[in-house]
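Spelled out from the first residue to the last, the chains are:
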Amino acid sequence: MDNRLFIFDTTLRDGEQVPGCQLNTVEKIEVAKALESLGVDVIEAGFPVSSPGDFKSVVEISKAVTWPTICALTRAVENDIKVAAEALQYAKHKRIHTGIGTSDYHIKYKFNSNREEILERAIACVAYAKKYVEDVQFYAEDAGRTDNEYLARVVQAVIKAGATVVNIPDTTGYCLPEEFGNKIKYLFEHVDGIHNVTIATHCHNDLGMATANTISGILNGARQAEVTINGIGERAGNTALEEVAMIFKSHRDLDIVTNINTQKITGISKMVSNLMNMPVQPNKAIVGRNAFAHSSGIHQDGVLKNRESYEIIDPKDVGVDENSIVLTARSGRAALKHRLHVLGIEMPKEDLDKAYESFLKLADKKKDINDDDVLMLAGKHRIKDARIKLDYLQVTSGVGIHSVASVGLIIAGEKFEACASGNGPVDAAISAIKNIIHRKMLLKDFLIQAITRGSNDVGKVHMTVEYDNNHYYGFGANTDIIAASAEAFIDAINKFPN
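Bear in mind the structure is a predicted one, so any value in this text is a computation, not a measurement.

Any chance you could explain the nonpolar core here in plain terms?
Across soluble globular proteins, nonpolar side chains show a tendency to be buried alongside one another. Among the nonpolar cores identified, the biggest contains 112 residues, and Ile7, Phe138, Val166, Ile168 and Ile199 are the most heavily contacted of them. The greatest single-element share of this core, amounting to eight residues, is contributed by helix α6 (residues 148-161). Contact partners of Ile168, with chain neighbours within four places excluded, come to Ala143, Leu151, Val155, Phe180, Lys183, Ile184, Leu187, Ile199, Ala200, Thr201 and His202. Leu409, Ala420, Ile490 and Ile493 belong to the second largest nonpolar core, which has 25 residues in total.

When you look at the sheet that holds strand β6 (residues 165-170) in this model, what are you seeing that I'm missing?
A barrel is described by the order of its strands in space; here eight strands give the closed sequence β1-β2-β3-β4-β5-β6-β7-β8, paired in parallel fashion. Within this sheet the neighbouring strands show an average axis-to-axis angle of 25°, counted without direction. Pairing geometry for strand β1 (residues 6-9) and strand β2 (residues 42-46), over two bridges, is parallel. The partner of Asp9 across the bridge, within β2, is Ile43. The sheet contacts of helix α2 (residues 52-64) involve β2 and β3 (69-73), and relative to β2 the element is tilted by about 145°.

Help me out: how do you make sense of the side chain of His202 in this one?
Turning to its location among the elements, His202 is positioned in strand β7 (residues 198-203). Looking at His202, its side chain comes within polar contact range of the side chain of Glu226, at 2.8 Å.

It is not clear to me how the pairing of strand β4 (residues 94-101) should be interpreted in this structure. Could you clarify?
With seven of its eight residues buried, β4 lies for the most part within the structure. In this fold, the crossover linking β3 to β4 by way of helix α3 (residues 78-87) has right-handed handedness. With six bridges joining them, β4 and strand β5 (residues 136-141) adopt parallel strand pairing. Along β5, the bridge assignment pairs Ile100 with Ala140.

How do you make sense of a nonpolar patch on the surface when you look at a structure like this?
Side chains of Leu443, Phe446 and Ile448 sit close together on the surface and give an oily, nonpolar patch of about 240 Å² of accessible area. Assignment of secondary structure puts Ile448 in strand β12 (residues 441-450). Residue classification places Ile448 among the partly exposed residues on the basis of a relative accessible area of 44%.

Sorry, what's going on with the environment of Ala285 here?
Position of Ala285 among the secondary structure elements: in the loop between α10 (265-275) and α11 (297-305). Judged by relative accessible area, Ala285 falls into the partly exposed class, the value being 38%. Along the chain, Ala285 and Ile312 lie 27 residues apart, while their C-alpha atoms are 12 Å from each other. Apart from the residues within four sequence positions on either side, Ala285 is in contact with Glu242 and Glu243.

Looking at this structure, I do not really get the packing of aromatic side chains. What am I missing?
Any aromatic ring pair is given by two values, namely how distant the centres are and how the planes are angled relative to each other. Using the criterion set out here, one finds four aromatic pairs in the structure. Between Tyr467 and Phe496, the ring centres sit 4.4 Å apart and the planes meet at 10°, which makes this aromatic pair stacked. In this pair, Tyr467 sits in strand β13 (residues 459-467) while Phe496 sits in the segment after α16 (481-493), placing the two residues 29 residues apart along the sequence. For the pair Tyr467 and Phe496, one class covers both residues: buried. Across the ring face of Phe6, the terminal group of Arg4 is positioned such that the distance to the ring centre comes to 4.6 Å. Here the guanidinium or amino end of Lys63 rests over the ring plane of Tyr90, the centre of that ring lying 4.7 Å away.

Analysis parameters
Residues numbered from 1 in each chain as written. Predicted model: local features only at pLDDT ≥ 70, side-chain atom pairs only at ≥ 80, totals over all residues. Heavy atoms only, no water. Core = buried A, V, L, I, M, F, W, Y, C linked by side-chain atoms within 4.5 Å. Buried < 20%, exposed > 50% of the residue type's maximum accessible area, 1.4 Å probe, protein only. Helix = DSSP H or I, 4+ residues; strand = E, 2+ residues; numbered from the N terminus. Contact = heavy atoms within 4.5 Å. Pairing = 2+ DSSP bridges. Axes fitted to C-alpha atoms, helices over the stretch in contact; angles between N-to-C directions. Polar contact = N/O pair within 3.5 Å; in protein donor to acceptor, adjacent residues only side chain to side chain. Right-handed = clockwise from strand over helix to strand, strands pointing away. Patch = residues over 30% accessible without salt bridge, like charges linked within 9 Å, V, L, I, M, F, W, Y side chains within 5 Å. Areas by Shrake-Rupley, 256 points an atom, 1.4 Å probe, with all protein chains shown as cover. Salt bridge = Lys/Arg side-chain N within 4 Å of Asp/Glu carboxyl O. Phe/Tyr/Trp six-rings, centres within 6.5 Å; stacked < 30°, edge-to-face > 60°. Lys NZ or Arg CZ within 6 Å of the ring centre and 35° of its normal.

Printed below as a string of structure tokens:
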């Protein structure tokens, strides 16, 4: 069997379905180009029929990306497929990803149907998609809980109808690794023509087994892994790209190879985390802040004597280079441009000049500038055209006194000012902003995350604001956590409908 594993990245589709992780088209193109540079084989760019924004994103990503296959998701609905084909018209390599639920849970409760009717719909959607593109991928949603005998019937039928790739998702993250591997094995033993197509895995992490199930599926014959950067995705997330890539790079005895340039993993991990406002947990495998940190004296001694005593991965293999260029207030534009390039961000000269000005101001406050700081600066540049901007913020607070905040906002070019007191400096700042923005809104969630460990480092604030029975997500980053909180609140307000 071929030992080449194709990497199908769905960060821009399944990953973007996480509340608060929505990207605009410019940001999606940025991620898509970074995925291309990483070596991803297939980019699932969106679900075109779901919204005009998703349709536009698939169109623009198709224009921006050269060699990876661009994939568009659909349901087993003719109009979905037709719209997907329109969105893919500029793609150099195009694929339609269509399918239907095959478990009894989906057949009975979601579709109010029966197995024979679902089988016919599966055949029909593949045949219809085949009219528009040669490369058609079929997904058997909730295959993890689908009876193996019936699943084999569906897979054989869609292969006969023209599917080139068949996706076997563990949609609910229910399967045990041995169970999922045996499911793939069963299909290879019972489906005629299965060796002429690519079998894919798409595993969710509800029980913490997404990567284990994916690896088990691959070891039993699957040759496409559907993954996301940092494992983001609905509910508990998807299989993490970086974990799959590094498992096979570390276990060379398994003789499975990918096209991933692993040295770019850390950069794109930070980019996606920053763009999608999704902090990476410090102990996350491969890309977490502590992934290569050793605090135990025994571990430190072992690593100093021989790195492989406690590290199975060389940090440099995933782009963590202790000897990389350190950015300080004395660094020039070229150094900043180089670091942005390493992180997958390209800026025209005018934008780079503005980012450099912000960089110098930040560098005056901090001794060293890290990658998260650089991404934060790039993110601030992206929101420069926001309707509401923070002009200034002054807060008086202390022990035994009421906190008072004075805020200045620029709204559509016009300046507004207000003051307010509150239960602490953040509450006072938000109250002052509310005195300018007269809308009935409620702060629901408030998360502060220190990027690193220094007292002068940038802090991130993630915020959820409820307005008109809808939730809006805001993000702010600043060396002043009160300013970061105000920026996050304003970022959420900017997403309200006008």
